[in-house]
Amino acid sequence: MQKSSLNKTIYLVLINLFIVFLGIGLVIPVMPTLMREMHLEGSTMGYLVAAFAFTQLLVSPIAGKWVDTFGRKKMIVIGMLLFALSEMLFGFGKDVTVLYISRMLGGVSAAFMMPAVTAFVADITSLKERPKAMGYVAAAISTGFIIGPGIGGFLAEHGTRLPFFFAAALGFLGSVFSLVILKEPKRPEIEEKKTEKQVAKSGFRKLLEPIYLIPMLIILVSSFGLAAFETVYSLFVDHKFAFTPKDIALIITVSGILGVIAQVLSFDRIVDKIGEIRLIQICMGVSAIFIFAMIKVSSYWSILVVTFVIFLMFDLIRPALTTYLSKIAGDAQGFVGGLNSTFTSIGNIIGPGIAGILFDVNIDYPYVLSMYVLALSFVISLFWKERRAN
């Protein structure tokens, strides 16, 4: 495949991923209005978020195997269609049951998309190109989250349900373009069959191998830590420092932009220089230290700096883990991508719940827990040795 064709293919896949996370971000400013219009309780809104993550958790292991069995392109096209259907249902939903079905379809869509996209990118890039490509993958996700709420807020001025229909239209367009333009990456037939047989035979016994177990634990811990950190962040700075919504939005947006810049411009250079494992170790250690600092700082600018550093560390951990896993996965890219999505989902489910409970006890406790968990993960990562899977 020629370089220009390679670039176009990567960009289309990244646009699809961007659309999915843009759709997730679009709904954020609409949810309070929707909650009032449908007379829903706060607990119901939380359950809707949990329904998405829980469904993604259940489907991810199967979806990862299907990516290897049926191909990357099919899973991307189906994932985009399910995403579009999910958003359309949410837009039309007048009953809470429809909203639950919509969120569950969204979770299936995410479970299909994530391993398929990472496997597709791994298939069409060399080991040298892969860190930059995976940095682009992480940047596409981050950019969707950053831009989504702004677009959603603008569209909501013309109708509460309009952001959902807009996201559905983008999803349908993404599925059509993927069907027409994407070509299934070529994989050695013998190796592919071997991988499918091995996956069917061993299943999650692979998790007992340190080459998979340690990075999966770190994925779980980092997603837990980030979810816990983000869940109570606005409450924390509101209660402790009297931050306004404008202050909070500014900090999160600027942090996200800095993360995207680091992922696009610097990530591959950092990996080339120190490697994925060392980068992950540094990010885990720095995150633990700065989350502790979050509890101790008091001035506005010190809070800004601490927040920026924490978000930046998490923005570098995720593509570093994905790049490392793509290198050790061999022809089982889909299977390993499914495991990645599974452990991310577990962290996203338990992190917000535990953080909310601890916050009601003491506003510092969620960050104390995150600090200890990340510190423990840093210690575990010190025993992590570079190794390649055949």
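Further up the page is the structure itself.
Scope of this entry: the structure provided in the associated data block. Given the structure is predicted, the values throughout are model-derived calculations rather than measurements. (Residues numbered from 1 in each chain as written. Predicted model: local features only at pLDDT ≥ 70, side-chain atom pairs only at ≥ 80, totals over all residues. Heavy atoms only, no water.)

**Concerning the overall build of the chain**
Rules: Elements are defined by DSSP. Helices are runs of H or I of four residues or more, strands are runs of E of two residues or more, and each kind is numbered from the N terminus. Burial classes follow relative accessibility: with a 1.4 Å probe on protein chains only, a residue under 20% of its type's maximum area counts as buried, one over 50% as exposed, and anything between as partly exposed. Here a residue-residue contact requires only that any non-hydrogen atoms of the pair lie within 4.5 Å. Accessibility throughout is a Shrake-Rupley quantity obtained with a 1.4 Å probe, and a residue counts as covered only by protein chains that appear here.
Helix and strand counts for the chain stand at 14 helices and zero strands. Reading the chain from its N terminus to its C terminus gives the helix and strand order α-α-α-α-α-α-α-α-α-α-α-α-α-α. Split into buried and exposed, the 390 residues of the chain put 54% on the buried side. In the chain, the proportion of contacts linking residues at least 24 apart, taken out of those at least 6 apart, comes to 86%. Split by element, the accessible area of the chain, about 17,700 Å² in all, is 69% carbon and sulfur.

**Brief notes about empty space enclosed by the protein**
The gaps of empty space that remain are located by a probe, the size of a water molecule, rolled over the atoms. What counts is decided by this rule: For each structure, a 1 Å grid was placed over the protein atoms alone; sets of points admitting a 1.4 Å probe that cannot get out are labelled cavities, open sets with protein on both sides within 12 Å along at least five of seven lines are labelled pockets, and lining residues have an atom within 4 Å of a point. Grid points are joined across faces, edges and corners, and a volume is the space filled by probe spheres set on the points. Three classes are used: nonpolar for Ala, Val, Leu, Ile, Met, Phe, Trp, Tyr, Cys and Pro, charged for Asp, Glu, Lys and Arg, and polar for all others, with Gly counted as polar.
A complete count under the given rule lists two cavities of 30 Å³ or more for this structure. In this model, the largest cavity occupies a volume close to 60 Å³. Along its surface, the largest cavity is lined by Thr 118, Thr 322, Leu 325, Ser 326, Ala 329, Gln 333, Val 336, Gly 337 and Asn 340. Of all elements in the fold, only α12 (300–328) and α13 (333–361) reach the threshold of two or more residues within the lining of the largest cavity. With four residues, the top contributor of residues to the lining of the largest cavity is α13. Looking at the lining of the largest cavity residue by residue, the classes come out as three nonpolar, six polar and no charged. If you add up the space inside the second largest cavity, you get close to 50 Å³. If you go around the second largest cavity, the residues you meet are Val 20, Ile 24, Phe 52, Phe 83, Ser 86, Glu 87, Arg 103, Gly 106 and Ser 109.

**Side note on the packing of helix α4 (residues 72–92) against helix α5 (residues 96–123)**
Applicable threshold: As a rule, the C-alpha atoms of each element are fitted with a line to give its axis, helices using only the stretch in contact, and angles between N-to-C directions run from 0 to 180 degrees. In what follows, roughly perpendicular refers to angles from 65 to 115 degrees, roughly parallel to angles under 35, roughly antiparallel to angles over 145, and oblique to any angle outside these ranges. For any helix crossing, the convention is left-handed if the near helix is rotated counterclockwise from the far helix by under a right angle, and right-handed if that rotation is clockwise.
For the pair α4 and α5, the least separation of the axes is 7 Å and the interaxial angle reads 155°. Between α4 and α5, the crossing angle belongs to the class labelled roughly antiparallel. With respect to the hand of their crossing, α4 and α5 are arranged in left-handed fashion. Residues of the contact of α4 with α5, tallied by class, amount to 20 nonpolar, five polar and four charged.

**A look at the pattern of salt bridges**
What counts here: Each salt bridge in this description consists of a side-chain nitrogen of Lys or Arg and a carboxyl oxygen of Asp or Glu lying within 4 Å of one another.
The full count for this structure, using the stated rule, is five salt bridges. We note a salt bridge from Arg 72 to Asp 123, for which the minimum N-O separation is 2.5 Å. With Arg 72 in helix α4 and Asp 123 in helix α5, this residue pair connects regions lying 51 residues apart in the sequence. The closest approach of N and O atoms between Arg 318 and Asp 315, which form a salt bridge, is 2.7 Å. Of this pair, Arg 318 and Asp 315 both sit in helix α12, three residues apart, roughly one helical turn. Three or more residues are tied together by salt bridges with common partners; here these are Asp 68, Arg 72 and Asp 123.

**Details of the side chain of Lys 73**
This is how it is decided: Positive charge is attributed to Lys and Arg, negative charge to Asp and Glu, and no charge count is given to His or to the chain ends. What qualifies as a polar contact is a pair of N or O atoms within 3.5 Å, subject to a donor-acceptor requirement within protein and to the restriction that residues adjacent in sequence count only when both atoms come from side chains.
Checked against the element boundaries, Lys 73 lands in helix α4. The buried charged residue Lys 73 lacks any salt bridge, with Glu 184 as its nearest oppositely charged partner at 7.4 Å. Separated by 2.9 Å, the side chain of Lys 73 and the backbone oxygen of Leu 179 make a polar contact.

**Some thoughts on the nonpolar core**
To keep it simple, the criterion reads: For our purposes a nonpolar core is just a set of buried Ala, Val, Leu, Ile, Met, Phe, Trp, Tyr and Cys residues, chained together by side-chain atoms within 4.5 Å.
Counting 57 residues, the largest nonpolar core has Tyr 233, Val 237, Met 294, Ile 303, Tyr 367 and Trp 384 as its most contacted members. Elements that contribute at least two residues to this core include exactly α9 (210–241), α10 (245–274), α11 (276–296), α12, α13 and α14 (365–381). Beyond its immediate sequence surroundings of up to four residues, Tyr 367 is in contact with Ala 228, Phe 229, Val 232, Tyr 233, Phe 236, Ile 291, Met 294 and Ile 295. In this structure, Met 75, Ile 76, Met 114 and Ile 141 belong to the second largest nonpolar core, which totals 39 residues.

**Some thoughts on the environment of Ile 101**
Structurally, Ile 101 can be placed in helix α5. Sequence-wise, Ile 101 and Phe 90 are 11 residues apart; in three dimensions their C-alpha atoms are separated by 8.5 Å.

**A short note on the packing of α11 against α14**
With their axes 8 Å apart at the nearest point, α11 and α14 run at an angle of 160° to one another. For the element pair α11 / α14, the angle class is roughly antiparallel. The handedness of the crossing between α11 and α14 is left-handed. Across the interface between the two elements, Gln 281, Met 284, Gly 285, Ser 287, Ala 288, Ile 291, Phe 292, Met 294 and Ile 295 from α11 touch Tyr 367, Val 368, Ser 370, Met 371, Leu 374, Ala 375, Ser 377, Phe 378 and Ser 381 from α14. Classifying every residue of the contact of α11 with α14 gives 12 nonpolar, six polar and no charged.

**Some thoughts on α12**
What counts here: Given a helix with a known number of residues, its expected span is that number minus one, times 1.5 Å.
Across its 29 residues, α12 extends 43 Å between first and last C-alpha, which sits within 8% of the 42 Å expected from 1.5 Å per residue. Extensive coverage of α12 is indicated by the burial of 22 of its 29 residues. Just downstream of α12 lies Gly 330, where phi reads positive at about 60°.

**Considerations on the environment of Leu 57**
Relative to the assigned elements, Leu 57 resides in helix α3 (residues 42–70). By relative accessible area, Leu 57 is classed as buried at 18%. Placed 288 residues apart in sequence, Leu 57 and Ser 345 show a C-alpha to C-alpha distance of 5.2 Å. Setting aside residues no more than four positions away along its own chain, Leu 57 makes contact with Thr 342, Ser 345, Ile 346 and Ile 349.

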